[in-house]
Amino acid sequence: MRPTLRLAVAAAALMAATGFSQAQEKLRIGTEGAYPPFNYTDASGQLMGFDIDIANALCEEMQVECEFVTQDWDGIIPALQANRFDAIIASMSITEERRQQVDFTNKYYNTPPAIAVPEDSDLTEATPESLSGKALGAQSSTTHSNYAEAKFPDADLRLYPTAEEYKLDLSSGRLDGVIDDVVVLSEWVDSEDGACCKILTPLPLDPEINGEGAGIAIRKGEDELRERFNDAIAAIRENGTYQEINEKYFDFDVYGD
Amino acid sequence: MSAKSDLRPPPRARRWDAPRVAGHVLMGVWIAAGVLLAIYLVGAFSTDFAQRYGFRMLSGFWTTIELVTLSLLIGAAISLPVAAGRLSPNPVIGALAYGYVYFFRGTPLLAQTFLVYYGAGSFRAELDAVGLWTFFRDAWFCAVFTFSLNTSAYQAEILAGAIRTVPRSQIEAGQALGLSRYVIATRIVLPQALVVALRPYGNEVVLMIKGSAIASIITIYDLMGETRRAFSRSFDFQTYIWAAILYLVLVETLRRLWDVMERRLTRHLVRDDT
């Protein structure tokens, strides 16, 4: 990190630390709210999803009051650094690039990426050759867009601000395929909106790109907060709360190995 | 011409009153901010960053220029009949042209772009049937289409407004001389109207350049699209500064071009008393 940026981050951390001691009991959680089934807003504007339930369980475990703040995905890390909230719980993969900006807790789930295609697609496999020249959609600033860029360099990669938009373009036929988390895509193709499309194939996880799974991002240097989150994750894994939430959304274990 | 300059009032004495001091202080703050920014950019410059993202940002810059130029030219062509409609004495044509301008000036370009891009997507079957889907399938065409319609409304209003400033007597004088409508339009009305329209046209071009950043959210890699992509990989805030600088360079170039054009178009109005 460059000296000026380090100074800025240090100053932000200092401000956060002083602010934090005054309002010990309140923690602001940043999330995207447009990534079902992990985090989304329902028709009444209520935040829902796996991430939200996990966040609430963790806050209960840590005995703090949690307040959710929604933020566009592209700006979610800068917003954390700018102290708009104290932690990101939004299915953020723990990657090297992001580690240079923020600290992460241990993972709280880990699922592989997948590719979805229209029902009548003539694609049968996901290889660099088969996807060459195909319009492939992804959400920008995600591990999945990085994955597509690295593994399918000849595909015509199109980047969208949210998952909603690539879904629209896949169902209208502008895209030949989309890449995202297997859980996100399976949930969608099973729903009415995603009836147009099917999962082509899950993709193998690449630790270099996908990291170690989804973790909670916090500002650099807030080791105490990170440890509290880690303890809380371990505790809800231990006492069965995690499994309860897992079952509510999925019929398989999303925590991974 | 010394006699003429003697007639001028003597320059007012300029005192250091509060507004003047405040002005200098504010200017100083801006200059200091600019210098700090320049120092930051020099310090933050890394060849690695330039190599990884520099070329892509420049190619995005070029995409922006192409998108804006194409939209402005098509928009200019569409604006001619719309402006004629705005000036038409026929109430039906006038109302149609007014409605067109009213809609495109009254709604955000972002909403118009989404309406065309995702709206077309949900009418795929219908568009397919009439053979238009290949056009609307492409994000680039959708952007050029929307931007052209949008700018044509503004350009029509600029042109119509400028033509209204040409006194009616000029046209009557032309008619009295037995000139054809075409000659009156191209030799009398338009040359005078374009002098008035020049600056508003310049504003519209600048607005279009800045508005074109909207194309980045419908998957076009224009300057803003490439900037967002670079930022999402590097998290380096200088990407946005470089993008701002590139946009500024473009706008400043146009501003100078417009100065040259204004001097050329108004050379008959320059008074020889300096």
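This one's a predicted model, so the numbers in the text were calculated from it and none came from an experiment. Each chain carries its own residue numbering, running from 1 in the written order of its sequence. Naming scheme: in the order in which they are written, chains are lettered from A and ligands are numbered from 1. Under the rules for a predicted model, residues below a pLDDT of 70 receive no local features and side-chain atom pairs below 80 are neither given nor counted, while totals for whole chains, interfaces and linings still include all residues. Heavy atoms from the whole structure form the basis of all side-chain values; hydrogens and water molecules are not counted.

I would appreciate a short explanation of the overall build of chain A in the present structure.
Counting from the N terminus, the helices are DSSP H or I runs at least four residues long and the strands are E runs at least two residues long. Per the secondary structure count, chain A includes 10 helices and 13 strands. Relative to the globule expectation of 18 Å for 257 residues, the C-alpha radius of gyration of chain A, 19 Å, shows essentially globular dimensions. Along the three orthogonal principal directions, the C-alpha set of chain A runs to about 60 × 45 × 35 Å. For every residue, the accessible area obtained with a 1.4 Å probe (protein chains only) is divided by the maximum for its type, and the residue is called buried under 20%, exposed over 50%, and partly exposed between those limits. The proportion of buried residues among the 257 residues of chain A is 56%. When the accessible surface of chain A is split by element, carbon and sulfur atoms take 48% of a total near 11300 Å². Here chain A holds 20 positive side-chain charges and 47 negative ones, and the gap between their average locations is 7 Å. The reference for a compact globule is 2.2 Å times residues^0.38; the radius of gyration itself is calculated from the C-alpha atoms. All accessible-area figures derive from a Shrake-Rupley calculation using a 1.4 Å probe, and residue coverage is judged against the displayed protein chains alone. Within this scheme the basic residues Lys and Arg register as positive and the acidic residues Asp and Glu register as negative, but His and the chain ends are omitted. For the purpose of locating charges, the reference atoms are NZ of Lys, CZ of Arg, CG of Asp and CD of Glu.

What should I look at first to understand the UniProt feature "domain: ABC transmembrane type-1" (unreviewed entry) in chain B in this one?
UniProt positions are given in the numbering used here, feature names are shortened, and annotations may be inferred rather than shown by experiment. Residues annotated by UniProt as "domain: ABC transmembrane type-1" (unreviewed entry) correspond here to residues 61-258 of chain B. The distance from the first to the last C-alpha atom of residues 61-258 of chain B is 21 Å, and the span holds 85% helix and 0% strand.

I keep staring at the UniProt feature "domain: Solute-binding protein family 3/N-terminal" (unreviewed entry) in chain A and nothing clicks. Help me out?
When the UniProt feature table is mapped to this numbering, "domain: Solute-binding protein family 3/N-terminal" (unreviewed entry) covers residues 26-253 of chain A. In residues 26-253 of chain A, helix accounts for 36% and strand for 29%; the two terminal C-alpha atoms are 31 Å from one another.

Honestly, the state of the cysteines in this entry has me stumped. Any pointers?
Working definition: the covalent bond between the sulfur atoms of two cysteines is a disulfide. The disulfide criterion is simple: two cysteine sulfur atoms within 2.5 Å. Per the counting criterion, the structure on display carries 2 disulfides over all chains. Disulfide pairing places Cys59(A) opposite Cys66(A) at an S-S distance of 1.7 Å. Across the S-S bond linking Cys59(A) and Cys66(A), the dihedral sits near -70°, which makes this disulfide left-handed. This pair shows no difference in class: Cys59(A) is buried, exactly as Cys66(A) is. With a sulfur-sulfur separation of 2.3 Å, Cys196(A) is cross-linked through a disulfide to Cys197(A). With the S-S dihedral at roughly -90°, the linkage between Cys196(A) and Cys197(A) falls on the left-handed side. Residue Cys196(A) is classed as partly exposed on the basis of its relative accessible area, which comes to 26%. Exposure remark for Cys197(A): the relative accessible area of 3% places this residue in the buried category. Cysteine pairing in chain A follows 1-2, 3-4, where each cysteine in a disulfide is numbered by its order in the sequence. As a non-bridged cysteine, Cys142(B) has Cys196(A) as the owner of its nearest cysteine sulfur, 18 Å distant. In this structure Cys142(B) comes out as buried when scored by relative accessible area, which is 1%.

What is the right way to read the nonpolar core from this model?
Across soluble globular proteins, you tend to see nonpolar side chains buried next to one another. Joining through side-chain atoms within 4.5 Å is the link that ties buried Ala, Val, Leu, Ile, Met, Phe, Trp, Tyr and Cys residues into a set, and such a set is a nonpolar core. By size, the foremost hydrophobic cluster in this structure holds 100 residues, and its most contacted members are Phe50(A), Leu58(A), Tyr108(A) and Phe229(A). The dominant element in this core, judged by the number of residues it contributes, is helix α8 (residues 139-165) of chain B, at 12 residues. Those domain boundaries reflect an automatic or database domain assignment. Counting contributing residues per domain, this core is built from domain 1 (3-110 + 212-249) and domain 2 (113-209) of chain A, each supplying no fewer than three. When sequence neighbours within four positions are dropped, the list of residues in contact with Phe229(A) reads Leu27(A), Ile29(A), Leu58(A), Met62(A), Ala87(A), Ile89(A), Thr105(A), Ile216(A) and Ile218(A). Ala126(A), Ala148(A), Leu157(A) and Ile209(A) belong to the second-largest nonpolar core, a separate cluster that totals 17 residues. The criterion used for residue contact is that any of the two residues' heavy atoms lie within 4.5 Å.

Could you clarify how one ought to interpret the layout of surface pockets in this entry?
Empty pockets left among the atoms are what a rolling probe the size of a water molecule brings to light. Residues and elements named next belong to chain B. Lining residues are defined by having an atom within 4 Å of a point belonging to a cavity or pocket. Those points lie on a 1 Å grid over the protein atoms alone, cavities being sets where a 1.4 Å probe fits but cannot get out and pockets being open sets with protein on both sides within 12 Å along at least five of seven lines. Grid points are joined across faces, edges and corners, and a volume is the space filled by probe spheres set on the points. Quantified by volume, the largest pocket comes out at close to 800 Å³. Contributing to the lining of the largest pocket are 23 residues, with Leu87, Ile163, Arg181, Ala185 and Val189 lying nearest its centre. For the lining of the largest pocket, the secondary-structure elements that each account for two or more residues are α3 (47-87), α8, α9 (168-176) and α10 (181-211). Here the lining of the largest pocket takes 7 residues from α10, the largest share from any one element. Amino acid classes used here: Ala, Val, Leu, Ile, Met, Phe, Trp, Tyr, Cys and Pro are nonpolar; Asp, Glu, Lys and Arg are charged; the rest, including Gly, are polar. Its residues assigned to classes, the lining of the largest pocket shows 16 nonpolar, 4 polar and 3 charged.

Would you mind going over the UniProt feature "transmembrane region" (unreviewed entry) in chain B with me for this structure?
As annotated in UniProt, the feature "transmembrane region" (unreviewed entry) corresponds to residues 21-41, 61-83, 95-118, 205-224 and 239-258 of chain B in the numbering used here. Its end C-alpha atoms 31 Å apart, residues 61-83 of chain B is made of 100% helix and 0% strand.

What am I meant to see in the pattern of salt bridges here?
Note that side chains of opposite charge can pair when their charged atoms are close. For this document, the term salt bridge refers to a Lys or Arg side-chain nitrogen within 4 Å of an Asp or Glu carboxyl oxygen. Considering all chains together, one arrives at 28 salt bridges over all chains under this definition. The salt bridge involving Glu149(A) is made with Arg56(B); its shortest N-O contact spans 3.6 Å. Pair noted here: Glu149(A) is in helix α5 (residues 143-151) and Arg56(B) is in helix α3, and the two residues belong to different chains. The exposure class assigned to Arg56(B) is partly exposed, which follows from its relative accessible area of 28%. The salt bridge partner of Glu149(A) is Arg233(B), with a shortest N-O separation of 3.6 Å. Of this pair, Glu149(A) sits in helix α5 while Arg233(B) sits in helix α11 (residues 223-234), on two different chains.

Looking at this structure, I do not really get helix α9 (residues 223-239) of chain A. What am I missing?
An α-helix turns once every 3.6 residues. As a result, residues three or four positions apart point the same way. The end-to-end C-alpha distance of α9(A), which contains 17 residues, comes to 24 Å, matching closely the 24 Å that a straight helix rising 1.5 Å per residue would cover. Count one or two residues on from α9(A) and you reach Gly240(A), which has phi positive near 90°. Expected helix span is given by 1.5 Å per residue-to-residue step, counting one fewer step than there are residues.

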